[in-house]
Amino acid sequence: MKLWAIADLHLRYPANRAAVSGLVARPEDWLIVAGDVGESLEQMRWAWQELGSRFARLFWVPGNHELWSASGDPLSGDFRYRALVDLCREYGVVTPEDPFVAWPGQPTPEGGRFRIAPLFLLYDYTFRPDDVPPERAVAWAMEHEVLCSDEMLLRPDPFPDRAAWCAARCDEAERRLSAELAPGDRLILVNHWPLLQEHARLPLVPRFMVWCGTRRTALWHRRFPTEVVVYGHLHIPQSQELDGVRFEEVSLGYPKNWEGRRRPEEALRLILGE
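Residues numbered from 1 in each chain as written. Predicted model: local features only at pLDDT ≥ 70, side-chain atom pairs only at ≥ 80, totals over all residues. Heavy atoms only, no water.

Points about the pattern of salt bridges
Piece 1. Summed over all chains, the structure comprises 24 salt bridges.
Piece 2. When the shortest N-O distance is used, the salt bridge between Arg 54 and Glu 50 registers 3.2 Å.
Piece 3. Judged by relative accessible area, Arg 54 falls into the buried class, the value being 13%.
Piece 4. Its salt-bridge partner being Glu 227, residue Arg 186 comes within 2.8 Å of it at the nearest N-O pair. You can see Arg 186 sitting in strand E6 (residues 186-190) and its partner Glu 227 sitting in strand E7 (residues 226-231), a full 41 residues away along the chain.
Piece 5. On the accessibility criterion, Arg 186 (18% relative accessible area) is buried.
Piece 6. For Glu 227, a relative accessible area of 27% puts it in the partly exposed group. (Salt bridge = Lys/Arg side-chain N within 4 Å of Asp/Glu carboxyl O. Buried < 20%, exposed > 50% of the residue type's maximum accessible area, 1.4 Å probe, protein only. Helix = DSSP H or I, 4+ residues; strand = E, 2+ residues; numbered from the N terminus.)

What follows is the structure in structure tokens.
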């Protein structure tokens with residue numbers, strides 16, 4: 001039995017849908033999907049039907065693309081997120097609103113359980129140089145003609161802005177991470193956006209870091225007993241280690257990110273199991 005992870009399936013693209021359909025079935029294994037499944041509830045439903053036939057259990061956290069909504073769409077912001085959670089529950093997919101699930105495989109070295117903790121934390125414009133205040137972060141990025149579509153499509157309703165929504169999500173995650181673990185437990189932290197600013201490095205568009213996370217999570221991998229951090233968003237798959245913790249960026253990405261470079265099967269990252 002193994003625990004795998006992947007992110008950024010971006011199912012609006014036919015090539016990515018074909019890639020998902022072509023994944024080898026692993027009927028005894030579990031799969032983490034770390035955000036950006038698609039941009040509609042229909043794409044999400046398709047994903048859970050396809051992946052649910054290939055894996056024993058699925059875990060999901062939202063990315064920014066799932067949360068996009070056009071002007072006037074009643075399913076926007078937190079209301080859209082809650083609708084996505086309801087859809088996941090139709091298929092038995094574990095979400096950030098559910099209890100942390102214990103991995104049924106090997107125990108931790110301390111005799112506890114590895115617990116999978118799906119998180120939804122967003123970003124608050126604090127990933128930027130120290131001399132750029134958060135309120136100027138978007139303008140700083142636009143100086144290099146960098147602007148995330150979130151500014152038009154990711155509405156924060158009912159929160160006043162995305163930073164306030166991020167703060168509320170971080171408050172709730174900190175409460176749960178402090179309260180829901182037994183002695184000896186270790187965490188698989190899952191969030192779409194990286195937890196560390198130093199990991200939000202995009203060589204071609206470095207100022208895109210503005211939309212990549214929050215400084216509030218900078219020490220979470222040390223503050224909480226963490227084994228692995230799983231994230232996506234960057235479309236730059238990589239494995240790193242810091243303070244004895246593995247950090248796994250597990251994105252598939254847009255077709256231009258993977259076609260001719262690697263097989264979709266190679267986007268699956270082994271998190272636990274042998």
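What follows continues from the structure just given.
Re the nonpolar core
Piece 1. Ranked by size, the top nonpolar core spans 70 residues in total, and within it Leu 31, Trp 48, Leu 51, Trp 60, Leu 122 and Trp 211 carry the most contacts.
Piece 2. In this structure Trp 48 touches Val 33, Val 37, Leu 58, Trp 60, Cys 88, Tyr 91 and Val 93, once residues within four positions along its chain are discounted.
Piece 3. Core analysis: the next-biggest nonpolar cluster, separate from the first, contains 20 residues, Ile 32, Trp 103, Val 228 and Val 250 among them. (Core = buried A, V, L, I, M, F, W, Y, C linked by side-chain atoms within 4.5 Å. Contact = heavy atoms within 4.5 Å.)

Let's talk about the sheet that holds E7
Piece 1. Read from one edge of the open sheet, 6 strands run E4-E5-E6-E7-E9-E8, paired in mixed fashion. What marks the edges here is a single partner per strand, and that holds for strand E4 (101-102) and strand E8 (238-242).
Piece 2. Pairing analysis gives 2 bridges linking E4 to strand E5 (residues 114-118), with the strands arranged antiparallel. Each residue of the ladder has a partner; that of Ala 102, found in E5, is Arg 115. (Pairing = 2+ DSSP bridges.)

Things to note about the packing of aromatic side chains
Piece 1. Tallying each qualifying case throughout the model produces 12 aromatic pairs.
Piece 2. For the ring pair Trp 220 and Phe 224, a centre distance of 5.8 Å and an interplane angle of 90 degrees mean the geometry is edge-to-face.
Piece 3. Within the aromatic cluster, the residues linked to one another by ring pairs are Trp 60, Tyr 81, Phe 120, Tyr 123, Tyr 125, Phe 159, Trp 165 and Trp 193.
Piece 4. Against the face of Tyr 13 rests Arg 12, its NZ or CZ located 5.4 Å from the ring centre.
Piece 5. A cation over an aromatic ring shows up here: Arg 26 above the ring of Trp 4, its NZ or CZ 4.7 Å from the ring centre. (Phe/Tyr/Trp six-rings, centres within 6.5 Å; stacked < 30°, edge-to-face > 60°. Lys NZ or Arg CZ within 6 Å of the ring centre and 35° of its normal.)

Overview of the sheet that holds strand E10 (residues 269-272)
Piece 1. Strand order in this open sheet of 4 strands is E3-E2-E1-E10, and the pairing throughout is mixed. With one partner strand each, in any of the chains shown, strand E3 (55-60) and E10 form the two edges of the open sheet. Recorded for the sheet is a direction-independent mean angle of 30 degrees between the axes of neighbouring strands.
Piece 2. With 3 bridges connecting them, strand E1 (residues 3-6) and E10 associate as antiparallel partners. Of the residues in E10, the one forming a bridge with Leu 3 is Leu 272.
Piece 3. Taken strand by strand, helix H2 (residues 41-52) contacts strand E2 (26-33) and E3, and its axis lies near 150 degrees from that of E3. (Axes fitted to C-alpha atoms, helices over the stretch in contact; angles between N-to-C directions.)

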